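Here is how the chains run, residue by residue.
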Amino acid sequence: MSERRRRSSNPGDGEQSPGGDGRSPYGHGGPAQGASGSGGGPDQLRSDGIRRGVRETAQQPRMSRAEMRRQGQKNGARGDQPGPGAGRTGKNGKPGKKRFIDYPRFGKSGFRRWLPSWKLVLSLFLIFLGGGVATVGVAYQMTPVPKLNDLVHEQNNIYYWADGSEMTRKGTTNRQIVELANISRPAQDAVIAAENESFRDDSGVDPKGIARAVYKMATGGETQGGSTITQQYVKNAYLSQDQTLTRKMKEFFITLKINGQQSKDEILTGYLNTAWYGRGATGIQAAAQAYYGVDAKDVNVCQGAMLAALLKGAAVYDPTLSDGNRKNMQERWTWILGRMVATKKLSQTDRDACGQEFPKPIDRKAPANMNGEVYYLVDTANKFLTSKDPSITQQMLDKGGYTIYTTFEKDKVEQLKKAVDDVQADSLKPDKREADKFVQVGAASVRPGDGAIVALYGGPGIENGHYSNNADSTGVPVGSTFKPFVLATAMQTGVLTQTDNQGKPKRINSASKYLADDNSEIHLANGSPAIGDDGKPYHQRNDSRNNPGYVSLKTAMQYSYNVPFVQLGQDVGGKAVEDMVLKLGLRKESLRPSSTLTYPLGTSTPSSIRMASAYAVFAARGQQADPYSVSKVLKDGKELPTFTKQPAKSVLDQAVADNVTDVLENVAKAGTGTKTNTLGRPVAGKTGTTDAGTSAWWVGYTPQLSTAVGMWREEPGTSKLLSLNGTAGHESVHGGDFPTDIFTRYMKLALNGQPKMDFPDPEPIGEEVDSSGAPVSASPSASASDSPSASAPAEPQPGPSASASPSASPSATAPDPGPSCLLGPLCPSSSPSKPTGKPSGSKSASPSASTSGSQVPVP
């Protein structure tokens, strides 16, 4: 066969391939023929992937393999349907190099082009797994285990007065190292039962706990500590208390090494000697001495369970700090003993021998440099530190290294203490009168517009066995000192009984008249009677049994009448009052439910610090600044940025604050706070006295200083309040008595040499919005007395205290409900009352406050 015949490309020349019959050289049924035979089958692929068609005639020439390969490459370059390898072409159609990572995938289209192959996924997994294992291995080998004795670097904390002079130093941590043989077995078992029951058998690491803690830190959630004794030992002994991922990884590696290098007894010994128990005690030996005055080897199971409970956090479990702590300790102590019984470490008989209450700790020892008010000043500063920066714990403070600059002014602290001591020395005779025993005073002084706490009185000193900080006490009702907040709400947000031209609650002024008669019926904002706990219409009592009729709110504040402010509380809505006091700086946890009828009468229990700060807003003409006791903090010489002072913010209209001040200035001049007149400068403030005389208050201010003074009696060892009636020989004690006297004596000294400053004249604000039935002008005939012989004027003459009746005489026919009615939550609805009637312009909407709950009249 000639070369020309073999290479002919003319399809019509009639030439045939070798064999003469036009069949495929592969024979019948070969690849070239396919399922449809040699006639007109579909296009087929050769074994090398090149598409070709089945020849229609025997004369069609056949290309050589080299020619077909070149033809396929040309088709791929033109973008025709590629065969395998056709896409890997370089420039000028030349074949490209095969990629090491086939991604995006060659020869795939659509989403499959971006879907990695299982080979790629497996390869990447193995690469990352190997890299991770290698990284962990290297990190494990490179993480050293420091020597324990080289890590003990407790330092003093240094506290400074506001003028930069040193106040005191606190430290060093009380630490005493003992061997495990010198720690009683019950104390060991109690700790294991409380902290890590599987300690003897586990690997020392809780992976779930670590993962949970890392997740919390990464997402900004609440941080968590190590969940095994080994992890806690590593954190206590070898690491800082920083809650960071780096520290958590170090804790993990060191824990693994410690668990492999030390026995369980060695780890337990280290943990018990490095754990923090509060009271400045690190280690169980120091803790046993601090709480029970015994050595660790002599701790019994009942004491051991109590000490073990402290490991969860002495700040919230030390039972000597607060009633809440005492409750926490009781629950935790009971639970630990139960776990010891469950794990066969304690018999039920020995458990029963402990009784139902934990053994009471001994009194704390008072360090000489914490005597007087210094202990309470340091306590206040430390609370501010831990609340402002959650990363600073009491345990970290005990370790020391902090330099703390406070806002306390030494001279004012001494002056406030002198005022309290002098009044008590002049009035109280605890060796002669039972009612003079257990009298407590708490006081604080705040700078308006700034918030700096310049002085406080927390108690007679820890050297006298008093450890609770009275200035920060939150268990004493503030009484009628709460009423100005109700008035400020009515002036700022308005009353629900009338609306302005925009349909909003109408803002009122202090000239608005409200019924002040004793035992008057209270109405909701929609005009319907308020219902008490007995299901009957509620009647409010005053401290005095007079019936002055309708009086202005300014006069009602002057004589501290209860009825007008309980009604005003309904008119503005309890929730609105609550929102206002929160803006003024009171804490939510110190407030009673705003839905109760007597909420405006001060059933809430803010501290002296918070009350002084709230009244400072009035003095600062509506500017609120959170109270603070620390101006600057250094840790190991480096200043912490968390304690930068925040600017004051406006929470009241200036005109509202000035009008409230005008009302309270009248209280000091001619009302229940007249003892302040001896101060010789403008003063504004309010007295407060609670039901049954359990507390008495005066909160007052000048433009330069706001001071709150509270007085109460407290049963020793508990927070139960006792009546002040009979104290200092007085039948009853009011805020205008000793608290006002203390305030006046202190302010004379504290403001000595400072200019006398007047309060600004108030601008007119709001409208006179009288309750229904109020007369157009105050007159004797305006009285709502039920007796025609009553002669009580609407504007009573000034009196020295809330308990003194004004010049008006009570109604001749008004019955005396008796002391049981005064002390009870409700007065009998059958008693003759002076109904206020439906308020004018009242709405049909439901009131914003519920009348359910306890209503205790508070003058």
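K.L.:
Any chance you could break down the overall build of the protein for me, citing the residues and the numbers?
P.N.:
Helices and strands together make up the secondary structure of the protein, namely 24 helices and 24 strands. Within the protein, the fraction of its 859 residues that count as buried is 49%. Partitioning the contacts of the protein with sequence separation of at least 6, the portion at a separation of at least 24 is 71%. In the structure as shown, the protein presents an accessible area of about 39,100 Å², 52% of it carried by carbon and sulfur atoms.

K.L.:
A description of unusual backbone geometry should follow, citing residues and the corresponding values.
P.N.:
Phi at Asn519 is positive, roughly 65 degrees, even though this residue is not glycine. Judged by relative accessible area, Asn519 falls into the buried class, the value being 6%.

K.L.:
Talk me through the confidence of the model for the protein; I want residue IDs and the actual numbers.
P.N.:
Within the protein, residue pLDDT values average 80, and 72% of them lie at 70 or more. Note that pLDDT drops below 50 for residues 221-226; the model gives that stretch 16 contacts with residues more than four away or on any other chain. Counting interchain partners and residues more than four positions distant, the pLDDT-below-50 stretch residues 777-859 has 218 contacts.

K.L.:
Pulling in residues and values, what's your account of the environment of Val294?
P.N.:
Within the element layout of this structure, Val294 appears in the loop between helix H9 (284-292) and helix H10 (301-310). Look at Val294 and you get partly exposed, because its relative accessible area is 23%. Look past the residues within four positions of Val294 in its chain and what remains in contact with it is Ala288, Gln289, Val299 and Gln303.

K.L.:
Talk me through the state of the cysteines; I want residue IDs and the actual numbers.
P.N.:
Applying the stated criterion across every chain, the model contains 1 disulfide. Between the sulfur of Cys302 and that of Cys354 lies a disulfide, 2.0 Å long from S to S. Its S-S torsion of about -90 degrees marks the bond between Cys302 and Cys354 as left-handed, since a negative value means left-handed. Pair noted here: Cys302 is in helix H10 and Cys354 is in the loop between helix H13 (348-353) and helix H14 (374-388), with a separation of 52 residues, a long-range link. Of the two residues, Cys302 and Cys354, both sit in the buried class.

K.L.:
Before we move on, could you go through the sheet that holds strand E18 (residues 630-635) and cite the residues and values that matter?
P.N.:
Strand order in this open sheet of 5 strands is E4-E3-E8-E18-E19, and the pairing throughout is mixed. The sheet terminates laterally at strand E4 (166-170) and strand E19 (638-639), the two strands that pair on one side only. Sheet topology places strand E3 (residues 157-160) next to strand E8 (residues 402-406); 3 bridges connect them, and they run parallel. Bridge pairing links Ile158 to Thr403 in E8. Running over the sheet, H14 touches E3, E4, E8 and E18 and is turned about 75 degrees from E4.

K.L.:
Lay out the packing of aromatic side chains in plain terms, naming residues and giving numbers.
P.N.:
Taken as a whole and assessed by the stated rule, the structure comprises 13 aromatic pairs. Ring geometry for Phe482 against Phe485: centres 5.3 Å apart, planes inclined by 85 degrees, an arrangement best described as edge-to-face. The residues Phe482 and Phe485 share a single accessibility class, namely buried. Relative to Phe618, the ring of Tyr615 lies with its centre 5.7 Å away and its plane at 65 degrees, an arrangement referred to as edge-to-face. Here Tyr615 and its partner Phe618 are both found in helix H21 (residues 608-619), 3 residues apart, which amounts to about one turn of the helix. Residue Tyr615 shares its accessibility class with Phe618, and that shared class is buried. Here the aromatic cluster, defined as three or more aromatic residues joined through ring pairs, consists of Phe482, Phe485, Tyr599, Tyr615, Phe618, Tyr701 and Phe759. The ring of Phe199 carries Lys264 above its face, with NZ or CZ at 4.8 Å from the centroid.

K.L.:
Tell me about the pairing of strand E10 (residues 453-457), and please be specific about residues and values.
P.N.:
Within E10, 5 of the 5 residues are buried, which leaves it mostly tucked inside the rest of the structure. In this sheet, E10 lies alongside strand E9 (residues 439-446) in antiparallel orientation, the contact comprising 4 bridges. Its bridge partner lying in E10, Ala443 is registered against Tyr457. Following E9, the chain reverses through 6 residues before pairing antiparallel with E10; Gly449 in that reversal takes a positive phi of roughly 80 degrees.

K.L.:
Lay out the packing of H21 against helix H22 (residues 654-670) with the relevant residues and their values.
P.N.:
Any two packed helices are characterised by the angle at which their axes cross and by the distance between the axes. One way to put it is that H21 packs onto H22 with a least axis distance of 8 Å and a crossing angle of 110 degrees. For the element pair H21 / H22, the angle class is roughly perpendicular. Residues Tyr615, Val617 and Phe618 of H21 form the contact with H22, whose participating residues are Ala657, Val660, Thr661 and Leu664. Per-class residue counts for the contact of H21 with H22 are 6 nonpolar, 1 polar and no charged.

K.L.:
Please set out H9 residue by residue, giving values where relevant.
P.N.:
Of all 9 residues in H9, 8 are buried, a share of seventy percent or more. What H9 keeps buried is the set Ile284, Gln285, Ala286, Ala287, Ala288, Ala290, Tyr291 and Tyr292. Of the residues flanking the end of H9, it is Gly293, one or two places downstream, whose phi is positive at about 65 degrees.

K.L.:
Just give me the short version of the environment of Tyr746, but keep the residues and values in it.
P.N.:
Along the chain, Tyr746 turns up in helix H23 (residues 738-750). Taking the C-alpha atoms as reference points, Tyr746 and Gln415, separated by 331 residues in sequence, lie 5.9 Å from one another. Every residue in contact with Tyr746, bar those within four places of it in the chain, is listed here: Lys412, Gln415, Leu416, Ala419, Ser445, Val454, Ala455, Leu705 and Thr707.

K.L.:
How would you summarise the nonpolar core if you had to cite specific residues and measurements?
P.N.:
Grouped together as the largest cluster of nonpolar side chains are 115 residues, with contacts concentrated most on Phe485, Leu568 and Phe618. The contact partners of Phe485, leaving out residues within four places of it in the chain, are Met580, Val581, Leu584, Leu586, Met611, Ala614, Tyr615 and Phe618. Counting 52 residues, the second largest nonpolar core, distinct from the first, contains Ile254, Ala275, Ile336 and Leu346.

K.L.:
How would you explain the pattern of salt bridges if you had to name every residue and give the values?
P.N.:
Pairing between side chains of opposite charge can happen when the charged atoms of each approach one another. All chains considered together, the criterion is met by 29 salt bridges. Salt-bridge contacts for Arg326 lead to Asp323; the nearest nitrogen and oxygen are separated by 2.3 Å. Highlighted residues: Arg326 and Asp323, both in helix H12 (residues 323-342), separated by 3 residues, approximately one helical turn. For Arg326, a relative accessible area of 31% corresponds to the partly exposed category. Between Lys412 and Glu409 there is a salt bridge, with its nearest N and O atoms 2.8 Å apart. Lys412 gets classed as buried once you look at its relative accessible area, which sits at 6%. A single salt-bridge network, built from bridges that share partners, covers Asp379, Lys383 and Asp472.

Definitions and cut-offs
Position labels on residues start from 1 in each chain and follow its written sequence. A pLDDT threshold of at least 70 governs which residues receive local features in this predicted model, and a stricter bar of 80 or more applies before side-chain atom pairs are shown or counted, although totals over entire chains, interfaces and linings include all residues. No hydrogens and no water enter the side-chain calculation; it runs on all heavy atoms of the structure. Strands are runs of DSSP state E lasting at least two residues, helices are runs of H or I lasting at least four, and both sets are numbered from the N terminus onward. We call a residue buried when its accessible area falls under 20% of the maximum for its residue type, exposed when it is over 50%, and partly exposed in between, using a 1.4 Å probe and counting protein chains only. The criterion used for residue contact is that any of the two residues' heavy atoms lie within 4.5 Å. Areas reported as accessible are Shrake-Rupley estimates using a 1.4 Å probe. Residue values count occlusion only from the protein chains shown. The predictor attaches a confidence to each residue, and that confidence, scored 0 to 100, is pLDDT. Here, a disulfide means two cysteine sulfur atoms that sit within 2.5 Å of each other. DSSP-based pairing: two strands are paired if at least 2 bridges between them are found. All axes here are fitted lines through C-alpha atoms, helices being fitted over the stretch that makes contact, and every angle between N-to-C directions spans 0 to 180 degrees. For Phe, Tyr and Trp, where Trp contributes only its six-membered ring, two rings pair if their centres lie within 6.5 Å, and the inter-plane angle classes them as stacked under 30 degrees, edge-to-face over 60, or tilted in between. Working rule: Lys NZ or Arg CZ, within 6 Å of ring centre, within 35 degrees of ring normal, means a charge sits over the ring. Any angle that is under 35 degrees is reported as roughly parallel, and any over 145 degrees as roughly antiparallel; angles of 65 to 115 degrees are reported as roughly perpendicular and all others as oblique. Under the convention adopted here, Pro, Cys and the residues Ala, Val, Leu, Ile, Met, Phe, Trp and Tyr are nonpolar, Asp, Glu, Lys and Arg are charged, and Gly plus all remaining residues are polar. Here, nonpolar core means buried Ala, Val, Leu, Ile, Met, Phe, Trp, Tyr and Cys residues that are tied together by side-chain atoms lying within 4.5 Å of each other. In what follows, salt bridge is the name for a side-chain nitrogen of Lys or Arg lying within 4 Å of a carboxyl oxygen of Asp or Glu.

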